[in-house]
Amino acid sequence: SECPGQKKYHLLLTAQQTIYQVWQTRIMYYHYKKQQASSKCNDLGGFTRLFAKSGAAQKLPDDEVPSVVVPGLTAAELQQFQQYSVLNRPLSVMRWLESPEGLATVKEDYIFLAETDHIFIEPIRNTATPTRPLAFHFAYMQPNPDFKPIVEKVWPGGDYLKVQPMGPSPLIIHRAQLQKVASEWNEISRTLKTDPVANQKLGWVTEMWGYAIASAKLGIVHEVSSELQKEGAHNTEGIEPGFEKGHGIFHYTYGLEYMLDGKPCPPWNIGQWSLDKRHYGDKHPPKEGLFPPPEGANAIASFLWEKWTEAIANIPGWPDDKVMGTHGWRRVQITKGELEGLSTAKALVGTSWKTSTALGTITFFEDHAKFGPAGKKGTWGHLPFPDCLSNCFFVNGDWWEMWNLNITSDGEMEILDVPKWTKTTGTREEAPKP
């Protein structure tokens, strides 16, 4: 054989027909194809994006990714399962295996189950066998004595210690074994979700436990590897350049949040530089505006920024959506300390600006702003961009009332209505009377 030992797999990507998952899939597919083309004898084979349809017939996205649609959870079922749409994964896999457009069209013997927010770093070698799948080791899926009654409820007489610390993605599995486990995986996941105790204890990883328990129940033992995937965030310790080497996939499940001086933000805080998939729920990340991470940021930030921007620049037909890039997401009411340290912000206090937008007249106070005909109370603060470090600010009202402001050198105010992505200007008025 020209490629001895080659065992190709077919990548099966489970996804929803949302813009949020469509753009992630396109980035994922770009890097999969890049790694597939990087060497002749790697194991990367065909690719299918699997959509679970709900409700009326849905049109496939008009993009470059090969796709199949199968029936998913109904609206009534989603309500029954508390809108836990992750249950579409085992259901759609099970239905794909049975569909004429599914496994019957696949020539590879192995299936690689993946997710939309996976970036292939290198051509992952298939070390699975017909009787032993390859899965990623999730530390939070360790056997837990507290889960013993939960395991035994769906696997009577089962040993919770035999439940391996892994889930159904990333996973390389022989097609015959996937056919064997799919129905049990689906059934156990549903049972766990509708059991109040199991649902409370397992939470968002309920479906992962469904797969792990189903496998143990059927005697399917996995090779569990920590090298298959890499995860990390801005506050992950020990990250050095080249951190990704030796790992097959980077999973960008966490946002990356930094202040412009390179300091990582505390947990649950948005940074002045922010790269987070959650910003783009209904739009693609922009072609322009994704700036490199600040000096001092860890290697994950530069790695993910490079992977996103490379894909966006090279994917044909990437839409020119008008949305903020890496800057502008941190919108925190200015503090007294910031006012003392930033003369341009201090100079705004007590001033009013007339605009032709819904903002009406904006007036800046130390601890709030007022705007609009009725003097609605809102927040304001510093909003630094790489090309506007001291003269850019924001005003926020209610949810999705967001304006970006730039005080120009000639004393005008340039205003961007963020949700509408429309621009206008404002002029300074006399200070308000006390």
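Check the entry above for the structure.
This write-up is about the structure you can find in this document.

Before going further, it helps to examine the pattern of salt bridges. Side chains that carry opposite charge are capable of pairing whenever their charged atoms lie near each other. Within the structure shown, the criterion is met by 17 salt bridges. Salt-bridge contacts for Lys34 lead to Glu310; the nearest nitrogen and oxygen are separated by 2.8 Å. With Lys34 in helix H1 (residues 19-36) and Glu310 in helix H8 (residues 299-314), the pair connects residues that are 276 residues apart, well separated along the chain. For Glu340, the salt bridge goes to Lys346, with nearest N and O atoms at 3.5 Å. The class for Lys346 is partly exposed, based on a relative accessible area of 45%.

To continue, consider the packing of aromatic side chains. As enumerated under the stated definition, the model contains 24 aromatic pairs in all. Judged by centre distance (5.4 Å) and plane angle (80 degrees), the ring pair of Trp185 and Tyr211 falls under edge-to-face. On the criterion of sequence distance, the pair formed by Trp185 in helix H5 (residues 175-194) and Tyr211 in helix H7 (residues 206-217) is long-range, its members being 26 residues apart. Each member of the pair, Trp185 as well as Tyr211, carries the same accessibility label: buried. Arranged with centres 6.3 Å apart and planes meeting at 65 degrees, the rings of Tyr280 and Trp308 form a pair that is edge-to-face. Of the two residues, Tyr280 is situated in the loop between strand S12 (273-275) and H8 and Trp308 in helix H8; the sequence distance between them amounts to 28 residues. On the basis of relative accessible area, Tyr280 is assigned to the buried category, the value being 1%. A relative accessible area of 1% means that Trp308 is categorised as buried. Through a chain of ring-to-ring contacts, three or more aromatic side chains come together here, namely Tyr9, Tyr29, Tyr32, Phe47, Phe112 and Phe120. The ring centre of Tyr84 lies 4.3 Å from the NZ or CZ of Lys193, which sits over that ring.

It is worth spelling out the pairing of strand S14 (residues 361-364) at this point. Of the strand pairs in this sheet, strand S13 (residues 352-355) and S14 are connected by three bridges, and their pairing is antiparallel. Bridge pairing in S14 places Ser352 opposite Thr363. Between S13 and S14, which follow one another and run antiparallel, lie five residues, and Gly360 among them has a positive phi close to 60 degrees. Two strands pair when backbone bridges link them, and S14 and strand S15 (residues 369-371) are joined in this way by two bridges, in the antiparallel orientation. What sits directly across from Thr363, in S15, is Lys370. Linking two consecutive strands that pair antiparallel, namely S14 and S15, is a turn of four residues.

This brings us to the side chain of Ser99. Relative to the helices and strands, Ser99 resides in the loop between helix H3 (88-98) and strand S4 (110-114). A polar side-chain atom of Ser99 sits 3.0 Å from the main-chain amide nitrogen of Glu101.

Further remarks concern empty space enclosed by the protein. Under the definition given, this model contains one cavity of 30 Å³ or more. Looking at the largest cavity, its volume works out to about 30 Å³. In this structure, the largest cavity is lined by Gln272, Gly328, Trp329, Arg330, His382, Leu383 and Pro384. Looking at side-chain class alone, the lining of the largest cavity contains three nonpolar, three polar and one charged residues.

Turning our eyes to something else, we now look at the layout of surface pockets. The volume enclosed by the largest pocket comes to roughly 1,200 Å³. Lining the largest pocket we find 43 residues, and of these Asp117, Trp204, Thr253, Lys277 and Arg278 sit closest to its centre. Elements supplying a minimum of two residues to the lining of the largest pocket: strand S1 (9-15), H1, strand S2 (44-53), H3 and H7. A per-class count over the lining of the largest pocket returns 18 nonpolar, 16 polar and nine charged. Taken as a whole, the second largest pocket encloses approximately 730 Å³ of empty space. Around the second largest pocket sit 26 residues that line it, and Phe385, Asn404, Leu416, Trp421 and Lys423 are the ones nearest its centre.

A few words now on the state of the cysteines. Under the defined criterion, the tally for this structure stands at two disulfides. One disulfide in the model links Cys3 with Cys41; its S-S distance is 2.0 Å. Given an S-S torsion of about -65 degrees, the disulfide between Cys3 and Cys41 has left-handed geometry. You can see Cys3 sitting in the segment before S1 and its partner Cys41 sitting in the loop between H1 and S2, a full 38 residues away along the chain. You can call Cys3 buried: its relative accessible area is 11%. The residue that forms a disulfide with Cys388 is Cys392, at a sulfur-sulfur distance of 2.0 Å. Across the S-S bond linking Cys388 and Cys392, the dihedral sits near 105 degrees, which makes this disulfide right-handed. Accessibility classification places Cys388 together with Cys392 in one group, the buried group. Bonded cysteines in the protein are paired 1-2, 3-4 when counted in the order they occur along the chain. In this structure Cys265 is not part of a disulfide, and its nearest cysteine sulfur, from Cys392, lies 19 Å away. Residue class for Cys265 comes out buried when judged on its relative accessible area of 5%.

A word on the packing of H3 against H5. Taken N-terminus to C-terminus, the directions of H3 and H5 make an angle of 145 degrees; their axes are 9 Å apart at the nearest point. H5 is crossed by H3, and the crossing has left-handed handedness. The residues of H5 that touch H3, namely those facing Arg89, Pro90, Leu91, Val93, Met94 and Leu97, are Leu178, Gln179, Ala182, Ser183, Trp185, Asn186, Ser189 and Arg190. In terms of residue class, the contact of H3 with H5 is made up of eight nonpolar, four polar and two charged.

About the cut-offs
- Residues numbered from 1 in each chain as written.
- Predicted model: local features only at pLDDT ≥ 70, side-chain atom pairs only at ≥ 80, totals over all residues.
- Heavy atoms only, no water.
- Salt bridge = Lys/Arg side-chain N within 4 Å of Asp/Glu carboxyl O.
- Helix = DSSP H or I, 4+ residues; strand = E, 2+ residues; numbered from the N terminus.
- Buried < 20%, exposed > 50% of the residue type's maximum accessible area, 1.4 Å probe, protein only.
- Phe/Tyr/Trp six-rings, centres within 6.5 Å; stacked < 30°, edge-to-face > 60°.
- Lys NZ or Arg CZ within 6 Å of the ring centre and 35° of its normal.
- Pairing = 2+ DSSP bridges.
- Polar contact = N/O pair within 3.5 Å; in protein donor to acceptor, adjacent residues only side chain to side chain.
- 1 Å grid on protein atoms, 1.4 Å probe; cavity = no way out; pocket = protein on both sides within 12 Å on 5 of 7 lines; lining within 4 Å.
- Points joined across faces, edges and corners; volume = space filled by probe spheres on them.
- Nonpolar A, V, L, I, M, F, W, Y, C, P; charged D, E, K, R; others polar.
- Disulfide = S-S within 2.5 Å.
- Axes fitted to C-alpha atoms, helices over the stretch in contact; angles between N-to-C directions.
- Left-handed = near helix turned anticlockwise from the far one by under 90°.
- Contact = heavy atoms within 4.5 Å.

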